[in-house]
Amino acid sequence: MTKEEKQTLVKYRLERANESIKAAQLLFENKLFTPAMNRIYYSMFYSVQALLVLDEKAFSKHGQVKAYFNKEFIKAGFFPKSLVNFLTLSLNTDKNLIMLICSYLKKN
């Protein structure tokens, strides 16, 4: 994959993450908590997938994505250990995760 293709894929995945956050906020405001949690999860998932593009990794299962993220980014010290259980984070922390990932992507 060329550098331009990687950038395009990262941008696409981060756009999906942002769309999911917006959807989660709307759902939350309308007291639709379970679907809001689903959108939060997918926002984080898409964000982490953007990171995987840089490592040229792709996984077929969500658990594999989480395990790789924890091993290669949390344990390596790129992100705080408080994100280890990132699938259960609040809306506010989810936004912080996206901001952290965007910051990391800009540096690399």
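The shown structure was predicted, so the numbers you read here are calculated from the model rather than taken from an experiment.

Most peptide bonds take the trans form, and the phi angle of most residues other than glycine is negative. With a phi angle near 60°, K31 is a residue other than glycine that sits in the positive phi range. Of the residues examined, K31 reaches a relative accessible area of 63% and is grouped as exposed. Its identity is not glycine, yet E56 carries a phi of approximately 55°, on the positive side. Position of E56 among the secondary structure elements: in the loop between α2 (33-54) and α3 (62-74). For E56, a relative accessible area of 57% corresponds to the exposed category.

In this model, the protein chain carries an average pLDDT of 81, and 76% of its residues clear a pLDDT of 70 or more. Mean pLDDT in the protein chain bottoms out at helix α4 (residues 91-107), which sits at 59, and peaks at helix α1 (residues 3-29), which reaches 93.

Structurally, S20 is set in helix α1. A residue is classified by how much of its surface remains accessible, and S20, at 4% relative accessible area, is buried. Within the structure, the side chain of S20 is placed 3.3 Å from the side chain of R39, a separation counted as a polar contact. Setting aside chain neighbours within four positions, we find S20 in contact with R39, Y42, S43 and Y46.

Time to look at the nonpolar core. Ranked by size, the top nonpolar core spans 13 residues in total, and within it F45, L51, V65, F69, F73 and F79 carry the most contacts. Listing elements by their share of this core, those giving two or more residues are α2 and α3.

This next bit is on the pattern of salt bridges. Overall, the coordinates contain two salt bridges when judged by the stated rule. Between K6 and E56 there is a salt bridge; the shortest N-O distance is 2.7 Å. Highlighted residues: K6 in helix α1 and E56 in the loop between α2 and α3, separated in sequence by 50 residues. Among the residues examined, K6 registers a relative accessible area of 18% and is labelled buried. K71 is paired through a salt bridge with E72; the nearest N and O atoms lie 3.9 Å apart. Judged by relative accessible area, which is 54%, K71 ranks as exposed. For E72, a relative accessible area of 27% puts it in the partly exposed group.

Reading the values: rules and limits
Residues numbered from 1 in each chain as written. Predicted model: local features only at pLDDT ≥ 70, side-chain atom pairs only at ≥ 80, totals over all residues. Heavy atoms only, no water. Buried < 20%, exposed > 50% of the residue type's maximum accessible area, 1.4 Å probe, protein only. Helix = DSSP H or I, 4+ residues; strand = E, 2+ residues; numbered from the N terminus. pLDDT = per-residue confidence, 0-100. Polar contact = N/O pair within 3.5 Å; in protein donor to acceptor, adjacent residues only side chain to side chain. Contact = heavy atoms within 4.5 Å. Core = buried A, V, L, I, M, F, W, Y, C linked by side-chain atoms within 4.5 Å. Salt bridge = Lys/Arg side-chain N within 4 Å of Asp/Glu carboxyl O.

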